[in-house]
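Notes for the structure review
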Amino acid sequence: MEERRAIVEIKNVNKIFGENHVVHDLDLTIYEGEFLTMLGPSGCGKTTILRMIGGFEEPSGGQILVEGERVEEKEPFERNVNTVFQSYALFPHMDIFNNVAYGLKMKKVKKEEISRRVKEMLALVQLNGFEKRYPSQLSGGQKQRVAIARALINRPKVLLLDEPLGALDLKLRKEMQLELKNLQKKLGITFVYVTHDQEEALAMSDRIAVMNQGYLDQLDTPEKVYEKPVTRFVADFIGESNIFEATMSEITGNTASIGLEVGYALGLAEEGVTYAPSEMVYACVRPEKVLFSQETIEGFNIKGVVREQIYVGNIIKSNVIIANGQTVKISRLDIDEVPKVGERINLYWNSDDVVIMKSRGYQIRSVIENASLGGN
Amino acid sequence: MKKNYKARNKTIPLLTTVSPVAVWLILLVAAPLLYVLFLSFLSTDGYNVVFRFTFDNYKNLINPTYMEIYANSFLIAFFTTLICILAGYPFAYHMALAGKKKKAVMMVMLMVPFWTNSLIRLNGWKTILGKTGFVNTLLLNLEMIHEPVEILYTRGAVLLGMVYTLIPYMILPLFASIDKLDRSLLEASNDLGANKVKTFLHVTLPLTFAGIFSGSIMIFIPSLGYFFVSDIMGGGKSQLIGNLIETQFKAANNWPLGASLSMMLIFLILIMVTVYKKSGGNMEDLGVM
Amino acid sequence: MRNRRKKFGSVLSNIYSYLVYLFLYLPIFVVLLFSFNTSKRNIVFEGFTFEWYLRLPDNDSLLNAYGNTLFVGCISTVIATVIGTLASYGMSKYKFKGKGIIDILLYIPVVIPEIVLGISLLAIFNLSNVPMGLTSLIIAHATFSIPFVVFTVNARLAGFDRSVEEAAMDLGAGRLKTFFTVTLPIIMPGVISGAFLAFTLSVDDIIISFFTTGPGSNTFPLKVMELTKTGVTPDVYALTTIVFIVTVAVTFLSQRDKKKPVKG
């Protein structure tokens, strides 16, 4: 892998609002030119992290470095990062030209240069000729572009985007995702993007930081986050998963035999990871990786009945009930073979399609979490 | 669906809801004002109104004594408004940025003095500012002065009384406009390189201008007419247009002249309100209290 | 550094707001204090006494004036609230000719100086032989209160979902039934705060009462105004103190009640 230069370094940062511990011991390095997405449900601390980088919140502890320089003490206007706000935050009393020019005016850039750069910027976001209009006269998508232009004109080292597409309808959102991604590639600026939409995160990011209740659960490429989730939360939050509570019983080579609540199965033991005998784990299999057969398969014993089938466009989703009452989801393209409703089938999978996750760390943490929230 | 239906009759509900207010306003707002307009063109025999058409009342408005009173009244109205803006803005800003609970407490605390009649409260000021009042006693004890100074019965005292009576009318619309302000706009401005002062000048101030304007109207207009403030705090030494009108209707019994003075005020207000509306002001904001 | 600067700023602005409150409350404290003063003239505090409070029940002219104030306040509030609520409802629901004129007429009492409204009412009462006294006071007070009620109810109606009325009619309620069982309960908070505003304005009014009262029907503010010429006596302060304490207590209690969770 090529040597990458760190642009934002977050070191052991905590943030506490009153009694709420919003960000826990966060360590995160963001590299120059990457598109990093902070993904998580609302209240997971992702926006707070963004606001700490932008300078709107101060960390309760820890350090934030931008280009190797500590910035916790710096005001937002002293930092070389810019933000695209969730609600756009366009100045309603200024026309588009003055909105976009605002940052340059504050820096006392010469008039000719301002008008040249505003023109450039508006061309970049395809809003040529909109200079004289006011924010109230623009559509949501256009406001979004103005907000981006207004931030980018300052040539920030890092652009922070706080759920920028949240207010747009689905179709427009898809278009803007592509556009934003292309813009980022073209300019080579680091984008730090906050969203709760996992599809958006998977589609746009170089790396995804999955946040859960103030903790960074996983930081990896979209493929890795999808294929190899490291916690049950990540597996559950991103895409659809079948998660089994299981115990490790035997490891031969890299094939692990695992005991389920009802039956047993095979899985792939991660290299270099050691397991205690009968250690509690989660086994996670994506619906499209679950296989089925009338015959019993060597190493597997999971029997179930197909309860229902749902057609979602060209995909057929089948729900299979297994003996302990758990529903196992199977999805197939409509051109593939699918089980029939009411049919009894044996479930299995390729051992390298299952991800085995240690459950202890996560469990301990959630116990602490629950205790500190008063047992809720 | 029925094929031939009557157009549903909305006349009765409309009449029951709207006609009382229409009748009331026509009889008790429109008619009186038109009558005053009419009065302003009549003459007087020194005691009673005489039905003889004349422009004299308007001509009489222009004379050196009155000019002095207008000037004094406008000066006081202007400085009252200015002081209320300068003193009220930081307070309203602080209140708007406070937490929900603190905001509610501050609001109630602002309203409570209102429930004591302003005449009584102005009399309280009289006690404070008089020759043997707190302020003079304090200054004497600190040896900053050697004999009591006249604070009461000056133009300054009238100004203080005006600011005191009217400042909530500035704070409330200011608070409303600052409270409405989207905080992310301030953050955006900060983010784009503007410090606190620049953000205030380029974003906060322009966006709360409507509040300043409506507050100013709600202060400037009454302060031309609040004759009782001048009576109590100025002891009759600092006459306002309000005192002038009051005199015509009570002591001097020259109603036509008083009517023409009132018309002059109305004309002035018409101009101010038109400017306010033209600049995008909302009329109902003038009635928030 | 940044933290300390922020703290300093917030301390400063807190101090400033306390100063503003001091400015607003200082004369009230003086009034409270001087209601216990042994001297009849409110110039220096000479000694402590309850005398003025004890003598209050015998002070017919003062109590009479206060009674007038409350009477005029109550009646004019009822009139203004009924007319204002109906008007707000009707004007927001129906379109009709002349609506613009009513709008303008509503703004006039709010915008013109009270003194101009006062003298115009005096002039028209004089012309039409309306008896000057409590009647003229009530009419005058209702006149300046109506617009404030309309605006307050308007604000409440602005957030009112008309479809609940349609639902009521759909379920068989007539126009009147709909208004009393659905619309009115929903806009009630606006109506109440409008009425409260009207009452406050009436009780506090000086200028319009000054022009529209008649012989023998003094209101409390007018009585104070009369006394101001010769010097306000401590019994007025004693009455003010009692009223002040009652209103503060009521406010405090109503604020506390608000915090209780609403059932339903």
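Attention in this report is confined to the structure presented alongside it. It should be emphasised that the depicted structure is a prediction, and the values quoted were computed from it without experimental measurement.

So, the overall build of chain B
Regarding its fold elements, chain B presents 13 helices and 2 strands. Rg of the C-alpha trace for chain B: 24 Å, well past the compact-globule value of 19 Å for 289 residues, more than 25% over. The C-alpha extent of chain B, read off along each of the three principal axes, is 90 × 70 × 35 Å. Expressed as a percentage of contacts within chain B between residues at least 6 apart in sequence, the contacts between residues at least 24 apart total 71%.

Brief notes about the overall build of chain A
Tallying secondary structure elements over chain A gives 9 helices and 20 strands in all. Each principal axis of the C-alpha atoms in chain A carries an extent, and together these give about 75 × 45 × 45 Å. Across the 376 residues in chain A, those meeting the buried criterion constitute 40%. Partitioning the intrachain contacts of chain A with sequence separation of at least 6 by distance along the chain shows that 64% fall at a separation of at least 24.

Notes on the interface of chain B and chain C
Across the boundary between the two partners, chain B contributes 64 residues, which contact 70 residues of chain C. Counting residues per element, the ones that place at least two in the side of chain B that touches chain C are helix 1 (11–39), helix 3 (64–97), helix 4 (100–111), helix 5 (118–129), helix 10 (209–225), helix 11 (227–234), helix 12 (241–249) and helix 13 (255–278) of chain B. The element best represented in the side of chain B that touches chain C is helix 1 of chain B, accounting for 18 residues.

Looking at the nonpolar core
Of all hydrophobic cores here, the largest spans 134 residues; its most connected members are Ile171 and Met233 of chain B together with Ile119 and Leu121 of chain C. For this core, the domains that each give at least three residues are domain 1 (20–49 + 233–264) and domain 2 (66–222) of chain C. Filtering out sequence-adjacent residues up to four positions away, Ile171 of chain B remains in contact with Gly88, Phe91, Ala92 and Leu110 of chain B. In terms of nonpolar packing, the next biggest core, distinct from the first, is built from 108 residues, Ala89, Val146, Leu160 and Met248 of chain A among them.

What about the packing of helix 3 (residues 60–93) of chain C against helix 6 (residues 134–158) of chain C?
Residue and element names in this part refer to chain C. One way to put it is that helix 3 packs onto helix 6 with a least axis distance of 6 Å and a crossing angle of 40 degrees. Between helix 3 and helix 6, the crossing angle belongs to the class labelled oblique. Considering only the axes of helix 3 and helix 6, their crossing is right-handed. Residues belonging to the contact of helix 3 with helix 6 are distributed by class as follows: 17 nonpolar, 11 polar and no charged.

Looking at the environment of Asn12 of chain A
All names here are of chain A. Along the chain, Asn12 falls in strand 1 (residues 6–17). Classification of Asn12 by C-beta neighbours within 10 Å gives exposed; the count is 12. Sequence separation of Asn12 and Val158 is 146 residues, and the distance between their C-alpha atoms is 20 Å.

Reading the values: the criteria
Residues numbered from 1 in each chain as written. Chains lettered and ligands numbered in written order. Predicted model: local features only at pLDDT ≥ 70, side-chain atom pairs only at ≥ 80, totals over all residues. Helix = DSSP H or I, 4+ residues; strand = E, 2+ residues; numbered from the N terminus. Rg over C-alpha atoms; globule rule 2.2 N^0.38 Å. Contact = placed C-beta atoms within 7 Å. Buried ≥ 20, exposed ≤ 12 C-beta atoms within 10 Å, placed from the backbone. Core = buried A, V, L, I, M, F, W, Y, C linked by C-beta atoms within 7 Å. Domains from an automatic or database assignment. Axes fitted to C-alpha atoms, helices over the stretch in contact; angles between N-to-C directions. Parallel < 35°, antiparallel > 145°, perpendicular 65-115°, else oblique. Left-handed = near helix turned anticlockwise from the far one by under 90°. Nonpolar A, V, L, I, M, F, W, Y, C, P; charged D, E, K, R; others polar.

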